[in-house]
Amino acid sequence: RTARHADGWYGFLLSPEATAQQVAGLRKAAAGCGRDRPLHVSVTPDRRLDPAAVRAYADAGVDRLIVALGRASALDSLHRVLDANSPDALEATSAR
């Protein structure tokens, strides 16, 4: 159904390896039904993000990573989690 009708697909708490398997199946199904438009892939990773993890998910075919906030409920905790997973923070980590 995703390959025929959806604009995208979302995987929750998947590893890059499991994501790659799912994406391969989606691409095969899309080719089999003659899909002529992109299928956007979003995933909530099963691990903490760092530049290597972001690359692994991109290599697996992911267009968008969605960060799970976990149990951070206080506003300052939410800000710390979001700041730590921002593109700027991840780029700074890879530059070290």
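Note that the coordinates shown come from a computational prediction; the quantities given were computed from them, not determined experimentally.

Asker: Can you help me understand the sheet that holds strand β3 (residues 64-65) in this one?
Answerer: The strands making up a sheet associate through hydrogen bonds between their backbones, and the pairing can be parallel or antiparallel. Read across the sheet, 3 strands follow the order β1-β2-β3 without closing on themselves; strand pairing throughout is parallel. Edge positions in the sheet fall to β1 (8-14) and β3, since each has one partner strand and no second. Across 6 bridges, the pairing between β1 and strand β2 (residues 40-45) is parallel. Bridge pairing in β2 links Y10 to S42. Here helix α2 (residues 16-32) sits on the sheet in contact with β1 and β2, set at roughly 155° to β1.

Asker: What am I meant to see in the side chain of T44 here?
Answerer: By the element assignment, T44 lies in strand β2. Judged by its relative accessible area of 1%, T44 is buried. Of note is the side chain of T44, whose polar atom sits 3.2 Å from the backbone oxygen of I66.

Asker: Help me out: how do you make sense of the packing of aromatic side chains in this one?
Answerer: For any pair of aromatic rings, geometry is given as the distance between the ring centres together with the angle between the planes. All told, the structure shown has 1 aromatic pair when counted by the stated rule. With 6.4 Å between their ring centres and 50° between their planes, Y10 and F12 make a pair best called tilted. Classification of Y10 by relative accessible area gives partly exposed; the value is 42%.

Asker: How do you make sense of α2 when you look at a structure like this?
Answerer: Residues three or four positions apart in an α-helix share a direction because the helix packs 3.6 residues into each turn. Its 17 residues give α2 an end-to-end C-alpha distance of 24 Å, which sits within 8% of 24 Å, the value for a rise of 1.5 Å per residue. Restricting attention to buried positions, one finds in α2 the residues P16, T19, V23, L26 and A30. Taken end-on, α2 shows its buried residues confined to a sector of 80°, consistent with a single buried face. Summarising the geometry of α2, the exposed residues directed more than 90 degrees from the buried face are E17, Q21, K28 and G32. Looking at the buried positions of α2, the neighbouring elements they touch are α1 (2-5), β1, β2 and α3 (51-59). Backbone geometry just downstream of α2 places G34 in the positive-phi region, at approximately 75°.

What counts and how
Residues numbered from 1 in each chain as written. Predicted model: local features only at pLDDT ≥ 70, side-chain atom pairs only at ≥ 80, totals over all residues. Heavy atoms only, no water. Pairing = 2+ DSSP bridges. Helix = DSSP H or I, 4+ residues; strand = E, 2+ residues; numbered from the N terminus. Contact = heavy atoms within 4.5 Å. Axes fitted to C-alpha atoms, helices over the stretch in contact; angles between N-to-C directions. Buried < 20%, exposed > 50% of the residue type's maximum accessible area, 1.4 Å probe, protein only. Polar contact = N/O pair within 3.5 Å; in protein donor to acceptor, adjacent residues only side chain to side chain. Phe/Tyr/Trp six-rings, centres within 6.5 Å; stacked < 30°, edge-to-face > 60°. Expected span 1.5 Å × (residues − 1). Arc of directions from axis to C-beta.

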